[in-house]
Amino acid sequence: MRFREHEDLRRTHLPVVKSGGKVCGASIRRPLSALLIILAVAAIALNKPAEAQNGTFTVSAAPGGIAFAAGGGGTLSGQFGTMNALGIGTPGTGVTVIPLSNGTLYLTKYQITISGLPNPHRGAVTAFVNSNFTHPAALILESCPSSSTCNASGNFSAISLLAAAPTAVVAAPGITDQTVTAGLAIFVPDNNGASSFTGVDTARITLTATDTTNNKNFATAEIRLDTPVGETVQSAVRLTLASATGGLTITPGADFSMNFGFVNGLGFNPGAGLTTVAAAGGVVYSTPYVLQPAFSAFRSTTATIKTFVSTTFAHPTVLILRDAAASAGPYNNIGTTAGTATQITTAAPDRSSITRFLGLFVSNTNGAAAFQGSDSATLTFTMTVP
Amino acid sequence: MKKYFTIFTLGMMALSTAAFAGTTATNTNAVSPTLQISATIQSAVQLTLSTGTAAVTHCAVTPTGGTPDYTMNFGTVDALGINAGNCNKFAPTTPGTTNAIYWSDYNLNPVFTSQTTANNTITAQVTTDFAAPNNIFIVRDSANSSTVPAAVTDFAAVSTATPDPIVTNAASGSTQTRFIGVAVTPANGPGVTGAKSATVTFTLTVQ
């Protein structure tokens with residue numbers, strides 16, 4: 001998109017006047033006054049022709065960035081696509097995902113070209129959100145200045161919602177006859193509770209080019225994030241397991257694994273990360289572990305977590321999985337069906353870390369029912385956000 | 001054309017409602033990661049000793065936490081049975097000819113798990129005998145039972161060469177009471193007095 005104009009010559013905005021509860025704007029319309037101004041400007045132009053030369057301000061898609069469709073009136077239209085606060089899934093073309101501790105930043109890059117300004121004039125660019133998302137708690141527009149690499153979340157900051165205090169995109173003193181790359185991002189924060197939102201939303205950003213020598217705005221452009229449909233916010237859930245301090249190592253795999261190593265019915269020599277707890281008929285080897293729930297775009301601010309033994313040990317009377325809230329117990333058998341799943345919590349907050357204790361009961365049985373060797377079982381954890 | 005593009009886009013959005021497997025999902029309210037738990041069961045055996053409770057008096061079995069595992073002290077003894085010792089004694093049948101025996105009860109506590117059989121034995125053997133001139137030696141109840149011995153003849157020397165079976169097929173976790181002591185011979189000569197010690201090794205075998 002290329003947009004060239006000189007607003008100060010065509011129409012002069014007076015300060016906004018607020019009166020009687022109404023906000024009014026006004027322009028100079030008296031023919032005589034306008035004529036005088038035009039003559040005065042023309043005289044100045046004749047004396048200083050370089051200053052009268054208008055710059056060219058172009059906003060365009062960057063290589064590797066999202067595609068923009070040029071519209072009428074100096075607009076660019078596009079969209080980031082489908083997003084969620086946990087950064088799950090493949091982002092839209094030209095969008096990079098940076099998961100953060102409180103949401104996810106979806107970013108892209110675009111180009112700004114300023115040319116045609118008289119030497120030594122330079123042009124700076126600012127941005128503000130002229131039409132914000134209707135769900136501002138779910139979608140936040142952010143900008144990265146052209147002076148930055150725009151590859152990390154720290155390069156971005158929220159775009160001003162105020163025309164009077166816009167966000168610098170190409171900082172003063174600006175550029176001339178040059179193309180620079182800037183960043184545009186949508187931060188999708190974890191957003192549960194009353195302000196939660198899933199669906200499609202749109203926004204518009206105004207970019208203003210200013211000749212920093214005479215401090216005059218010489219062009220504007222608008223980026224519309226509404227094409228073809230706008231930005232789509234999804235709900236998202238994630239439940240991961242992690243090793244607890246002093247506990248067994250939990251290895252990510254399909255999905256997670258944990259090895260109690262060598263165990264025996266007497267509790268001798270528990271391995272690193274294990275403690276033993278006396279139990280009738282054997283011993284319980286115990287380890288702490290951590291549940292890490294995360295979810296966004298739900299009305300509820302808490303989730304429930306349950307677990308059950310979805311694949312039992314091949315020797316289910318010798319090895320039994322048990323659960324406890326504390327290291328010392330009590331340890332209770334974990335249910336072996338989805339219908340009898342053991343409830344771990346009914347109030348897991350988003351992005352919390354819940355330490356729990358997993359016990360492996362080892363029977364001291366001898367004789368025909370005894371077993372020596374390796375065995376394995378699978379626990380299925382289910383987090384549900386009501 | 002624009003109409004068809006919009007329809008296509010909406011169609012793709014509908015398809016995108018499919019949840020991701022494993023630890024994450026979108027457009028749904030539940031996720032179910034799995035945790036595989038592995039373990040290797042080993043068989044285990046344990047044999048502990050403790051102070052007896054069957055006889056009139058008991059010499060304490062004291063765990064050391066090191067080597068040897070336990071100690072028992074019969075106190076001051078003599079071949080005529082004059083000294084009381086720390087627990088029980090049988091005076092010699094023929095003083096100056098036969099031996100005096102100072103003895104105590106003690107408990108054996110065998111425990112074993114994940115064994116394919118419950119058959120087991122506990123043996124005792126003197127692995128470090130008293131020093132020469134060997135006028136004192138280790139004895140045990142010859143009946144290999146929990147019956148309290150009544151006379152010197154109820155004791156036999158503990159072998160220094162081969163393990164002596166003292167318990168057979170005890171239940172895991174049970175307490176087995178036995179009796180052990182020292183026989184003091186009436187031998188005379190150099191080195192027959194003073195503090196002396198020996199070591200008995202108990203072995204639990206499940207097979």
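All of these numbers come straight from a predicted model, not from anything done at the bench. Each residue is numbered by its place in its chain's sequence as written, counting from 1. To label them, take the chains in the order written and letter them from A, then take the ligands in the order written and number them from 1. Since the coordinates come from a predicted model, pLDDT governs what is reported: local features require at least 70, and pairs of side-chain atoms require 80 or more to be given and counted, while whole-chain, interface and lining totals use all residues.

> Hey, could you run me through the overall build of chain A in this one?
Strands are runs of DSSP state E lasting at least two residues, helices are runs of H or I lasting at least four, and both sets are numbered from the N terminus onward. Of the regular secondary structure elements, chain A holds three helices and 29 strands. Burial status across chain A gives 41% buried among its 386 residues. C-beta atoms are placed from the backbone for every residue, and two residues are taken to be in contact when these atoms lie within 7 Å. Residue pairs in contact within chain A that sit at least 24 positions apart in sequence constitute 76% of those at least 6 positions apart. With C-beta atoms placed from the backbone, a residue is buried if 20 or more other C-beta atoms are within 10 Å of its own, exposed if 12 or fewer are, and partly exposed between those counts.

> It is not clear to me how the overall build of chain B should be interpreted in this structure. Could you clarify?
Along chain B, the regular secondary structure elements total one helix and 14 strands. Here chain B holds 207 residues, and 32% of them are scored as buried. For chain B, long-range pairs separated by at least 24 residues make up 66% of all intrachain contacts whose partners lie at least 6 apart in sequence.

> Looking at this model, I keep getting lost on the sheet that holds strand β9 (residues 120-128) of chain B. Mind explaining?
Backbone hydrogen bonds are what pair the strands of a sheet, in a parallel or an antiparallel way. Residue and element names in this part refer to chain B. Reading across from one edge, β12-β9-β14 is the order of the three strands in this open sheet, with antiparallel pairing throughout. Of all the strands in the sheet, just β12 (164-168) and β14 (199-206) have a single pairing partner and so form its edges. The average angle at which neighbouring strand axes cross in this sheet is 25°, direction not considered. The pairing criterion for strands is at least two bridges between them, as found by DSSP. As defined by bridge partners, β9 adjoins β12 across four bridges and the pair is classed as antiparallel. Bridged to Ala124 within β12 is Asp164. Structural elements are reduced to axes, namely lines fitted to C-alpha atoms, with helices fitted over the stretch in contact, and the angle between N-to-C directions of any two is expressed from 0 to 180 degrees.

> How should I be thinking about the sheet that holds strand β7 (residues 82-83) of chain A in this particular structure?
Taken together, three strands build an open sheet; the order of strands is β7-β18-β15 (chain A) and the sheet is mixed. A strand with exactly one partner marks an edge of an open sheet, and here the two such strands are β7 and β15 (199-201) of chain A.

> Can you help me understand the interface of chain B and chain A in this one?
Think of interface size as the accessible area that goes away when the parts come together; that is how it is often given. Chain B puts 39 residues into the contact, and the matching count from chain A is 55 residues. Of all the secondary-structure elements, those providing two or more residues to the side of chain B that touches chain A are α1 (2-15), β1 (24-26), β2 (30-31), β3 (34-41), β4 (44-51) and β8 (100-113) of chain B. When residues of the side of chain B that touches chain A are assigned to their parent elements, the largest contribution, eight residues, is made by β3(B). Amino acids outside the nonpolar list (Ala, Val, Leu, Ile, Met, Phe, Trp, Tyr, Cys, Pro) and the charged list (Asp, Glu, Lys, Arg) are all regarded as polar, and Gly is one of them. Split by residue class, the side of chain B that touches chain A holds 15 nonpolar, 24 polar and no charged. Strand direction decides the pairing type here: strand β29 (residues 373-384) of chain A and β3(B), joined by eight bridges, are antiparallel. If you follow Ser374(A) over to β3(B), its bridge partner there is Thr40(B).

> Before we go on, may I ask you to explain the domain arrangement of chain A in this structure?
Residue and element names in this part refer to chain A. Boundaries between domains were set according to an automatic or database domain assignment. Assigned domains of chain A: these are domain 1 (53-234) and domain 2 (237-366 + 374-384). Between the C-alpha centres of domain 1 and domain 2 there is a distance of 46 Å. Listed by partner, the interface residues are 13 residues for domain 1 and 11 residues for domain 2. For the side of domain 1 that touches domain 2, the class distribution of residues is five nonpolar, seven polar and one charged.

> Would you mind going over the confidence of the model for chain A with me for this structure?
Parts of the model with low pLDDT should not have their predicted coordinates read in detail. pLDDT is defined as a per-residue confidence score from the predictor, taking values between 0 and 100. The pLDDT averaged across chain A works out to 88; a share of 86% of its residues lies at or above 70. Considering only residues more than four positions removed or in separate chains, one finds that residues 1-52 of chain A, a stretch of pLDDT under 50, has 43 contacts.

> So what exactly am I meant to see when it comes to unusual backbone geometry here?
With glycine set apart, most residues show a phi of negative sign, and most peptide bonds adopt trans. The omega torsion of the bond from Ala172(A) to Pro173(A) falls at 10°, within 30 degrees of zero and hence cis. By the element assignment, Pro173(A) lies in strand β13 (residues 167-175). Cis geometry is found at the peptide bond from Ala132(B) to Pro133(B), where omega equals 20°. Turning to its location among the elements, Pro133(B) is positioned in the loop between β9 and β10 (136-141). We note that Ser114(B) has phi near 55°; this positive angle belongs to a residue other than glycine. Secondary-structure assignment places Ser114(B) in the loop between β8 and β9.

> I keep staring at the nonpolar core and nothing clicks. Help me out?
In globular proteins that are soluble, nonpolar side chains generally tend to be buried together. When buried Ala, Val, Leu, Ile, Met, Phe, Trp, Tyr and Cys residues are joined through C-beta atoms within 7 Å, the set is termed a nonpolar core. Grouped together as the largest cluster of nonpolar side chains are 138 residues, with contacts concentrated most on Ile186(A) and Leu360(A). Split by domain, the residues of this core number at least three in each of domain 1 (53-234) and domain 2 (237-366 + 374-384) of chain A. Excluding anything up to four places from it in sequence, Leu360(A) contacts Phe260(A), Val263(A), Val284(A), Tyr285(A), Leu319(A), Leu321(A) and Ala39(B).

> Got a minute to help me understand the confidence of the model for chain B in this structure?
Residues and elements named next belong to chain B. Of the residues in chain B, 90% have a pLDDT of 70 or more, and the chain-wide mean is 91. Low pLDDT, under 50, characterises residues 1-21; the predicted model gives this stretch 15 contacts beyond four residues in sequence or across chains. Quick note on the complex model: pTM equals 0.81, ipTM equals 0.81.

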